[in-house]
Amino acid sequence: MSYVESVLTRLKEQNPNEPEFHQAATEVLNSLQCAIDANPAYEKAGLLERLVEPERTILFRVPWVDDQGNVHVNKGYRVQFNSAIGPYKGGLRFHPSVNLSIIKFLGFEQIFKNSLTGLPIGGGKGGSNFDPKGKSDNEIMRFCQSFMTELYRHIGADTDVPAGDIGVGAREIGFLFGQYKRIRDEHVGVLTGRGLSYGGSLARKEATGYGLVYITEEALKSRGDSLKGKTCVISGSGNVAIYACEKAMELGAKVVAMCDSNGYIYDRNGIRLDVVKQIKEVERGRIKEYADRVKGSEYHEGCKGIWTIPCNVALPCATQNELDEESAKILVKNGVTLVGEGANMPTTLQATHILQEAGVVFLPGKAANAGGVATSALEMAQSSGRLFWSFEEVDAKLRTIMVNIFKNIDAAAKKYGFEGNYVVGANIAGFEKVAEAMMAHGVV
Ligand code: NDP
């Protein structure tokens, strides 16, 4: 049994009932095989065993009271996975599906993603099984205050800097930050994605979606192509999807479909993003309403059907495992040429293989959606330096980071004989820096 196989076997034995974490670890470790074989010192140092075990896992109770006076209790999580190259960094997810397996898969992926940005940030992730849907602003505030009343003691500007993720946007970050500041009596960069009036960075809101499109454009450019005139399907209609749509359209693509967790809209004339923003960002409504407002568009129940719409470029930006084997086959049949993951692990392992075998350019999330966390690190830099950069300055840095990520994953794939396989390229490029730092620190 190889070193990688034995670590994976042990991981599955010691962490039963964590399928998402198994999936992420299997995908990463298998693709690192050649880099591991080239460096036997890693096995001697127990590097992989340490890499797959979080440095610290915090589980806590989050009690809160709803508007009717009923008491509720949710589960709170923060997994501080790896701080070899910098303070833990990664978002908080509030969604009923959240459990330890999902937080661990996200935290594990975050280690490599953060390394790929070239910035000094380690990997972590957190959240709660709280469902923000249908809650009043006051209920959201009380929940966030309760969540932070425990979390505050584990985080800090140089220790662990959480951000948003699914269900945690500007409103939630505001409530979380307010409570942290109240308890600690310090105004520091302990959370990113903050509002512009209290230490946030311009372009953070747009960063993940814009970054996804920058790396997509770079991958197409390396093949003498571009987004101009391409038909795109973008799943989701949250933060990542909306700004991916905005930038893709700016670069000349036509986005024809988006979705939420209930269903998808198809607009053959090209999505009207102003209408989507009004429904999702202002009214916090459902994507269904788009079809009532825009003539000629269609709404279909269920999200999976979105992948049956013919497109050149598909950008899954909703959630994990939303693009399965069957959908991948349909995309290939319909002539898709590039799939770029805006969400974390939206494509199943089987679907990824189908796309890669069909010669589709596949950009994995840890590279393709790294623009968000990279800009969070730029927010941290501005906080520490008491600076405020212009939108253009941050956006230019983001673009450079995404172009460099593409160059690095492309080079790493070539170096190990996997040209064009960006899954291998991203995992190896992300891993090498973390491994070097862990080796330098000794067994800790
Ligand atoms: P949001 O909460 O803003 O939006 C999530 C979108 O995905 C919504 O449209 C939501 O629909 C939809 N969605 C959620 N769960 C499901 C589901 N089970 N099936 C179908 N659709 C679903 O989150 P973000 O846009 O911030 O995050 C989207 C993805 O991108 C996540 O995987 C996240 O981890 C990843 N990501 C986000 C970053 C960021 O900066 N925000 C950075 C890097 C990665 P509904 O409204 O119905 O729930």
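About the thresholds
- Residues numbered from 1 in each chain as written.
- Predicted model: local features only at pLDDT ≥ 70, side-chain atom pairs only at ≥ 80, totals over all residues.
- Heavy atoms only, no water.
- Salt bridge = Lys/Arg side-chain N within 4 Å of Asp/Glu carboxyl O.
- Helix = DSSP H or I, 4+ residues; strand = E, 2+ residues; numbered from the N terminus.
- Buried < 20%, exposed > 50% of the residue type's maximum accessible area, 1.4 Å probe, protein only.
- Patch = residues over 30% accessible without salt bridge, like charges linked within 9 Å, V, L, I, M, F, W, Y side chains within 5 Å.
- Areas by Shrake-Rupley, 256 points an atom, 1.4 Å probe, with all protein chains shown as cover.
- Axes fitted to C-alpha atoms, helices over the stretch in contact; angles between N-to-C directions.
- Parallel < 35°, antiparallel > 145°, perpendicular 65-115°, else oblique.
- Contact = heavy atoms within 4.5 Å.
- Nonpolar A, V, L, I, M, F, W, Y, C, P; charged D, E, K, R; others polar.
- Near = heavy atom within 4 Å.
- Polar contact = N/O pair within 3.5 Å; in protein donor to acceptor, adjacent residues only side chain to side chain.
- Disulfide = S-S within 2.5 Å.
- Core = buried A, V, L, I, M, F, W, Y, C linked by side-chain atoms within 4.5 Å.
- Phe/Tyr/Trp six-rings, centres within 6.5 Å; stacked < 30°, edge-to-face > 60°.
- UniProt positions renumbered as here; feature names shortened; annotations may be inferred.
- Pairing = 2+ DSSP bridges.
- Right-handed = clockwise from strand over helix to strand, strands pointing away.

A. Just the pattern of salt bridges, in detail. Counted under the stated rule, the structure contains 24 salt bridges. In this structure, Asp 67 engages Arg 142 in a salt bridge whose closest nitrogen and oxygen atoms are separated by 2.7 Å. Of this pair, Asp 67 sits in the loop between β1 (56-65) and β2 (71-82) while Arg 142 sits in helix α6 (residues 137-151), placing them 75 residues apart in sequence. Note on Asp 67: relative accessible area 41%, which makes it partly exposed. Judged by relative accessible area, which is 27%, Arg 142 ranks as partly exposed. In this structure, Asp 225 engages Lys 230 in a salt bridge whose closest nitrogen and oxygen atoms are separated by 2.9 Å. Residue classification places Asp 225 among the partly exposed positions, given a relative accessible area of 34%. Through salt bridges with shared partners, a single ionic network connects Glu 27, Glu 109 and Lys 366.

B. Looking closely at a nonpolar patch on the surface. On the surface, Val 65, Val 71 and Val 73 cluster together into a nonpolar patch covering about 260 Å² of accessible area. Its place among the elements puts Val 71 in strand β2. Classification of Val 71 by relative accessible area gives exposed; the value is 61%.

C. Spotlight on the packing of helix α5 (residues 100-116) against helix α17 (residues 422-441). Where α5 contacts α17, the axes come no closer than 8 Å and their chain directions differ by 85°. On the basis of their axis angle, the class for α5 and α17 is roughly perpendicular. Of the residues in α17, those in contact with Ile 111, Phe 112, Ser 115 and Leu 116 of α5 are Ala 426, Asn 427, Ala 429, Gly 430, Phe 431, Lys 433 and Val 434. Within the contact of α5 with α17, the residues separate by chemical class into 7 nonpolar, 3 polar and 1 charged.

D. Structural view of the site of the ligand. The environment of the ligand is made up of 27 residues, and the closest members are Asp 165, Thr 208, Ser 261, Arg 286 and Asn 344. For the ligand, an oxygen atom lies 3.1 Å from a polar atom in the side chain of Lys 133. Within the side chain of Arg 204, one N or O atom sits 3.0 Å away from an oxygen atom of the ligand. Here the ligand, which alone exposes 890 Å², has 84% of that area covered by the protein. Those elements giving two or more residues to the shell around the ligand turn out to be α8 (204-221) and α9 (239-250). Residue composition of the shell around the ligand, by class: 7 nonpolar, 12 polar and 8 charged.

E. How the structure looks around the state of the cysteines. Summed over the entire model, instances satisfying the criterion amount to 0 disulfides. With no disulfide of its own, Cys 311 has Cys 232 as its nearest cysteine by sulfur position, at a separation of 7.4 Å. There is no disulfide at Cys 317, and the cysteine sulfur nearest it, in Cys 259, is 9.3 Å away.

F. Seen up close, the side chain of His 22. Structurally, His 22 is set in helix α2 (residues 19-37). Residue His 22 is classed as buried on the basis of its relative accessible area, which comes to 15%. Residues within four places of His 22 in sequence aside, it is in contact with Leu 11, Lys 12 and Asn 15.

G. The arrangement of the nonpolar core in detail. Leu 29, Phe 108 and Phe 431 are the most contacted members of the largest nonpolar core, which totals 97 residues. Contacts of Phe 108, omitting those with residues within four sequence positions, involve Phe 21, Ala 24, Ala 25, Val 28, Leu 29, Leu 51, Val 52 and Phe 81. Residues Ile 58, Ile 140, Ile 155 and Ile 173 belong to the second largest nonpolar core, which totals 23 residues.

H. Examining the packing of aromatic side chains more closely. Within the structure shown, the criterion is met by 17 aromatic pairs. Ring centres 5.9 Å apart and planes at 85° place the aromatic pair Phe 21 and Phe 108 in the edge-to-face group. With Phe 21 in helix α2 and Phe 108 in helix α5, this pair connects stretches of sequence that are 87 residues apart. We classify Phe 21 as buried; its relative accessible area is 0%.

I. Representation of the UniProt feature "binding site: NAD(+)" (unreviewed entry) in the chain within the structure. The sites that carry the UniProt feature "binding site: NAD(+)" (unreviewed entry) are, in the present numbering, Thr 208 and Asn 239. These annotated residues cover 32 residues of sequence, and their C-alpha atoms all fall within 8.1 Å of one another, placing them together at a single site. As for its position among the elements, Thr 208 is in helix α8. Accessibility expressed as a relative area gives 8% for Thr 208, which makes it buried. Not counting residues up to four positions away in its chain, the partners in contact with Thr 208 are Val 240, Gly 342, Asn 369, Gly 371 and Gly 372. Of note, Asn 239 is situated in helix α9.

J. Region of the structure containing the pairing of strand β6 (residues 231-235). Among the 5 residues of β6, 4 are classified as buried, and the element is accordingly described as predominantly covered. Here 3 bridges tie β6 to strand β7 (residues 254-259), and the two strands are oriented parallel to one another. From the neighbouring strand, Val 233 faces β7, where its bridge partner is Ala 257. Regarding the hand of the β-α-β motif, the stretch spanning β6, α9 and β7 is right-handed. Both β6 and strand β10 (residues 313-316) contribute to a ladder of 4 bridges, which runs parallel. In the sheet register, Ile 234 faces β10, and the bridge partner there is Leu 315.

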